[in-house]
Amino acid sequence: DVAIRLDGVRKQYPDGTVAVGDLTMDVRNGELVALVGPSGCGKSTILRMVNRLVEPSSGRILLHGTDVTHSDPVQLRRGIGYVIQAGGLLPHLDVRTNVGTVPKLLGWESRLWRRRADELLDLVGLPPGEYGSRYPHELSGGQQQRVGVARALAADPPVLLMDEPFGAVDPVVRERLQNEFLRIQSELRKTVLFVTHDLDEAVKMADRVAVLSAGGVLEQYADPSTLLSD
Ligand code: ADP
Ligand code: ADP
């Protein structure tokens, strides 16, 4: 029941930077694993390799048993929701259309993707009647991040990759978003690889926490409850 397997993965960028050095870890189906570590330790690179925005220099990444370098990137990304800091919304599209982007690309009829988008806006606490027609700049940072989560869930992918998904908001909003995401996750049971530089956030959110040091080296891979005492 391994969903994501990183097997001896290393990434060296063309300028010589070793972003990730020999990383081996698994994420099981339905598990939420947090990758925590200081800025620049390779967290984003790891997520980008899983969804093939970046190719590993060596090692293998398996998604549901298939080597991602042998998958068609478009096909691959249909099974992966990607949430980035500040939502990564398209500024010229209204909120409903942002959320419906992937179903639209998959050729869903207008009526269907709109209904799906509205369902998800409700799920993330943004009533579609009030927010669906707004543009991203008409939302607060926290609301934009909710839309980013809704968008990633739109085609119901089994896997979510989240890169500092609640990183761009104040601590109060951040805590509310964390709690709401935990509620959604308890319902949906996605396989989630969650990147944060905040150990407290990692421990709060995750079933397991991978602690990375500079150069993307795994230091610990532990039950969160044991981590804060070390
Ligand atoms: P994190 O997400 O933990 O902040 P990143 O994966 O963004 O770390 O970056 C890891 C290291 O790789 C950093 O030293 C960063 O400067 C470097 N890096 C990231 N992307 C590139 C790139 N496209 N080219 C060269 N170096 C990069
Ligand atoms: P994050 O910390 O959220 O990963 P960064 O601000 O480090 O984001 O990086 C923003 C963008 O710049 C990313 O696309 C990353 O790949 C790229 N990047 C980061 N570091 C470098 C670098 N040293 N050289 C070239 N590109 C980089």
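The following refers to the structure shown. (Residues numbered from 1 in each chain as written. Chains lettered and ligands numbered in written order. Predicted model: local features only at pLDDT ≥ 70, side-chain atom pairs only at ≥ 80, totals over all residues. Heavy atoms only, no water.)

With respect to the nonpolar core
Move 1: Counting 38 residues, the largest nonpolar core has Val-147, Val-149, Met-162, Phe-166, Phe-181 and Val-209 as the members making the most contacts within it.
Move 2: Here this core gets five residues from one element, more than from any other, and that element is helix α7 (residues 141-153).
Move 3: In this view, Met-162 contacts Leu-47, Val-83, Val-149, Phe-181, Val-192, Leu-193, Phe-194 and Val-195; residues no more than four positions away in its chain are not counted.
Move 4: Core analysis: the second largest hydrophobic core is formed by 28 residues, Val-20, Ile-46, Val-50 and Leu-212 among them. (Core = buried A, V, L, I, M, F, W, Y, C linked by side-chain atoms within 4.5 Å. Buried < 20%, exposed > 50% of the residue type's maximum accessible area, 1.4 Å probe, protein only. Helix = DSSP H or I, 4+ residues; strand = E, 2+ residues; numbered from the N terminus. Contact = heavy atoms within 4.5 Å.)

Considerations on the packing of aromatic side chains
Move 1: All chains considered together, the criterion is met by two aromatic pairs.
Move 2: With centroids separated by 6.3 Å and ring planes inclined at 55 degrees, the aromatic side chains of Phe-166 and Phe-181 adopt a geometry described as tilted. You can see Phe-166 sitting in the loop between β7 (159-163) and α8 (171-188) and its partner Phe-181 sitting in helix α8, a full 15 residues away along the chain.
Move 3: Exposure remark for Phe-181: the relative accessible area of 2% places this residue in the buried category.
Move 4: Geometrically, the ring pair formed by Phe-166 and Phe-194 is tilted, given 6.1 Å between the ring centres and 55 degrees between the ring planes. Within this pair, whereas Phe-166 is found in the loop between β7 and α8, its partner Phe-194 is found in strand β8 (residues 191-196), the two being separated by 28 residues in sequence. Take Phe-166 and Phe-194: they sit in the same class, and that class is buried.
Move 5: Taken together, the ring pairs connect Phe-166, Phe-181 and Phe-194 into an aromatic cluster. (Phe/Tyr/Trp six-rings, centres within 6.5 Å; stacked < 30°, edge-to-face > 60°.)

Here's the deal with the site of ligand 1
Move 1: All residues in the neighbourhood of ligand 1 are listed as Tyr-13, Asp-15, Thr-17, Ala-19, Pro-38, Ser-39, Gly-40, Cys-41, Gly-42, Lys-43, Ser-44 and Thr-45.
Move 2: At a separation of 2.5 Å, an oxygen atom of ligand 1 approaches a polar side-chain atom of Thr-45.
Move 3: A per-element tally of the shell around ligand 1 places helix α1 (residues 43-50) first, with three residues.
Move 4: Taken together, the residues of the shell around ligand 1 sort by class into four nonpolar, six polar and two charged. (Near = heavy atom within 4 Å. Polar contact = N/O pair within 3.5 Å; in protein donor to acceptor, adjacent residues only side chain to side chain. Nonpolar A, V, L, I, M, F, W, Y, C, P; charged D, E, K, R; others polar.)

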